[in-house]
Amino acid sequence: MTPVIAKTREELAAVRSGVSGRLALVPTMGALHEGHRSLIRRARELADTVAVSIFVNPLQFGPNEDFDRYPRTFAADVEACAAEGVDIVFAPTREVMYPSEPLVRLDSGPMGGVVEGVTRPGHFDGVLTVVLKLFNLVRPDVAVFGEKDAQQLALIRRMVADLDVPVEIVGGPTVREIDGLALSSRNRYLSGDERRTAVSLSQALQAGADAVADGPSAVLRAARAVLDKAAAADPPLALDYLVLVDPATFTEVDDAHTGPAVLAVAGRVGATHLIDNVPLRFGEES
């Protein structure tokens, strides 16, 4: 099945007018991999019609980040969408999404200024702005996002709640490669040696998860021990952060914490910025 491709607001509106039943949206920046495809399959379970947006959003890239070299593989992306039975691909240009410089943007607030927001200031403002625009244009009933981007998912859920956006938000589990590395469009930047170092991110998370019965401090110690070794590897991992946070607010938890938490990590191997996380639970239900 070949999806209908809409590249303008007018084309999207025409396609959208013929949709009946529930519509699910999977927002992406393209360079689709198995992680994206798993989100599409989840969307298919939740709705009658599935739309995928493909747009590399300039607002969420900082001045020294990889906007210009971010992989753009539109033909392959459409093939992947066709294989997964996607009905609509919305692939706007920058001029369609931002016909003029946006003077009004969403502010991700204090929740967007911590963890990933420290190393990428303004990133989540750009994410929330484009996601809200996509919601307004596509008007989905449900939208599916990957849990690998846990802070992004938490912020989108908070945006929807705070602004009364009528869209159900569903998370899809992180998909990993055989060696444990979380699937990411940026993995293709890694050389063989860099890839071997990058696996330390998921290994650190696993070490932390294995220590959950001993409490938050033990989790962080176990994870950091793995990352310290990776920092001495060749090539090294340059750690951005390792934090244990509340999954709803992304504030750091203390050693008395019980209930759900997210162990999140990010670092750079060579020029490539990678993130990962694992959900945990402390206390009697852990």
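The residue numbering used here restarts from 1 in each chain and proceeds along that chain's sequence as written. For this predicted model, a pLDDT threshold of at least 70 governs which residues receive local features, and a threshold of 80 or more governs which side-chain atom pairs are given and counted, while totals over whole chains, interfaces and linings are taken from all residues. Based on all heavy atoms of the structure, the side-chain values leave hydrogens and waters out of the count.

**Student:** Provide a residue-level description of the nonpolar core, including the pertinent values.
**Tutor:** With 43 residues, the main nonpolar core has F90, M97, V131, F135, F145 and I169 as its most contacted residues. To qualify as a helix, a DSSP run of H or I must reach at least 4 residues; to qualify as a strand, a run of E must reach at least 2; elements of each kind are numbered from the N terminus. When residues of this core are traced back to their parent elements, those giving at least two are β2 (23-28), β4 (88-90), α6 (123-138), β5 (142-146), α7 (150-162), β7 (237-245) and β8 (259-269). Once residues lying within four places of it in the same chain are set aside, the contact partners of V131 are F145, I156 and M159. Core analysis: the next-biggest nonpolar cluster, separate from the first, contains 27 residues, L205, L242, L274 and V278 among them. By convention a nonpolar core is built from buried Ala, Val, Leu, Ile, Met, Phe, Trp, Tyr and Cys residues, the set being connected through side-chain atoms within 4.5 Å. Buried, partly exposed and exposed residues are distinguished by accessible area as a fraction of the type maximum, computed with a 1.4 Å probe on protein chains only: under 20%, between the cut-offs, and over 50%, respectively. Between two residues, a contact is recorded if the distance between any of their heavy atoms is within 4.5 Å.

**Student:** Before we move on, can you summarise α7 with the specific residues and values?
**Tutor:** End to end, α7 covers 18 Å across 13 residues, agreeing with the expected 18 Å (1.5 Å per residue, within 8%). The secondary structure elements touched by the buried residues of α7 are α5 (116-119), α6, β5, β6 (168-172), β8 and β9 (272-282). Given a helix with a known number of residues, its expected span is that number minus one, times 1.5 Å.

**Student:** How would you sum up the UniProt feature "active site" (unreviewed entry) in the protein? Please name residues and give values.
**Tutor:** In this structure's numbering, the residues bearing the UniProt feature "active site" (unreviewed entry) are H36. With respect to the helices and strands, H36 occurs in helix α2 (residues 34-46). For H36, a relative accessible area of 12% corresponds to the buried category. Discounting chain neighbours no more than four positions away, the residues touching H36 are T28, G30, A31 and S185. UniProt positions are given in the numbering used here, feature names are shortened, and annotations may be inferred rather than shown by experiment.

**Student:** So what's going on with the UniProt feature "binding site: (R)-pantoate" (unreviewed entry) in the protein? Residues and values would help.
**Tutor:** Taken from the UniProt record, the annotation "binding site: (R)-pantoate" (unreviewed entry) applies to Q60 and Q152. Spatially, the listed residues are clustered: although they cover 93 residues, their C-alpha atoms lie within 11.4 Å of one another. Position of Q60 among the secondary structure elements: in the loop between β3 (49-54) and α3 (74-83). For Q60, a relative accessible area of 10% puts it in the buried group. Here a polar contact is taken to be a pair of N or O atoms separated by no more than 3.5 Å, where protein atoms must pair a possible hydrogen donor with a possible acceptor and residues adjacent in sequence count only if both atoms sit in side chains. Looking at Q60, its side chain comes within polar contact range of the side chain of N57, at 2.9 Å.

**Student:** Go over the sheet that holds β8 with me, naming the residues and quoting the values.
**Tutor:** Here we have three strands laid out as an open sheet, ordered β7-β8-β9, and antiparallel in their pairing. Both outer strands of the open sheet, β7 and β9, are each paired with one neighbouring strand and no more. For this sheet, the mean inter-axis angle between neighbouring strands, taken without regard to orientation, is 15°. Two strands qualify as a pair provided that DSSP identifies no fewer than 2 bridges between them. Where β7 lies against β8, eight bridges are found, and the strand directions are antiparallel. Across the sheet, the residue bridging to L242 is V265, located in β8. Interaxial angles span 0 to 180 degrees and are taken between N-to-C directions of axes, which are lines fitted to C-alpha atoms, for helices over the stretch in contact. In the packing of helix α9 (residues 200-210) onto the sheet, contacts are made with β7, β8 and β9, and the angle to β9 comes to roughly 15°. Across the face of the sheet, helix α10 (residues 216-231) comes into contact with β7, β8 and β9 while running at roughly 170° to β7.

**Student:** Can you lay out the packing of helix α1 (residues 9-17) against α6 for me, pointing to particular residues and giving the numbers?
**Tutor:** Packing of α1 against α6 brings their axes to within 9 Å, and their N-to-C directions diverge by 50°. One finds that α1 runs oblique with respect to α6. On the side of α1, the interface is formed by R9, L12 and R16, while α6 contributes K133, L137 and V138. Classification used: nonpolar for Ala, Val, Leu, Ile, Met, Phe, Trp, Tyr, Cys and Pro, charged for Asp, Glu, Lys and Arg, polar for all others including Gly. Residue composition of the contact of α1 with α6, by class: three nonpolar, no polar and three charged. When describing relative orientation, an angle under 35 degrees is termed roughly parallel and one over 145 degrees roughly antiparallel, while 65 to 115 degrees is termed roughly perpendicular and anything else oblique.

**Student:** Lay out the packing of aromatic side chains with the relevant residues and their values.
**Tutor:** Each Phe, Tyr or Trp ring (for Trp, its six-membered ring) is paired with any other whose centre lies within 6.5 Å, and the angle between the two planes then decides the class: stacked below 30 degrees, edge-to-face above 60, tilted in between. Within the structure shown, the criterion is met by four aromatic pairs. Seen in terms of ring centroids, F61 and F67 are 5.4 Å apart; in terms of plane orientation they differ by 70°. Their pairing is edge-to-face. Relative to F145, the ring of F135 has its centre 6.4 Å away and its plane inclined at 70°; by these criteria the two rings are edge-to-face. Here F135, found in helix α6, pairs with F145, found in strand β5; they are ten residues apart in sequence, far enough to count as distant. For F145, a relative accessible area of 4% gives the class buried. An aromatic cluster of three or more residues is present, and its members are F61, F67 and Y70. Lying over the aromatic face of Y189, R69 brings its terminal NZ or CZ to 4.0 Å of the ring centre. Placement of a positive charge over a ring is assigned whenever Lys NZ or Arg CZ falls within 6 Å of the ring centre and within 35 degrees of the normal to the ring plane.

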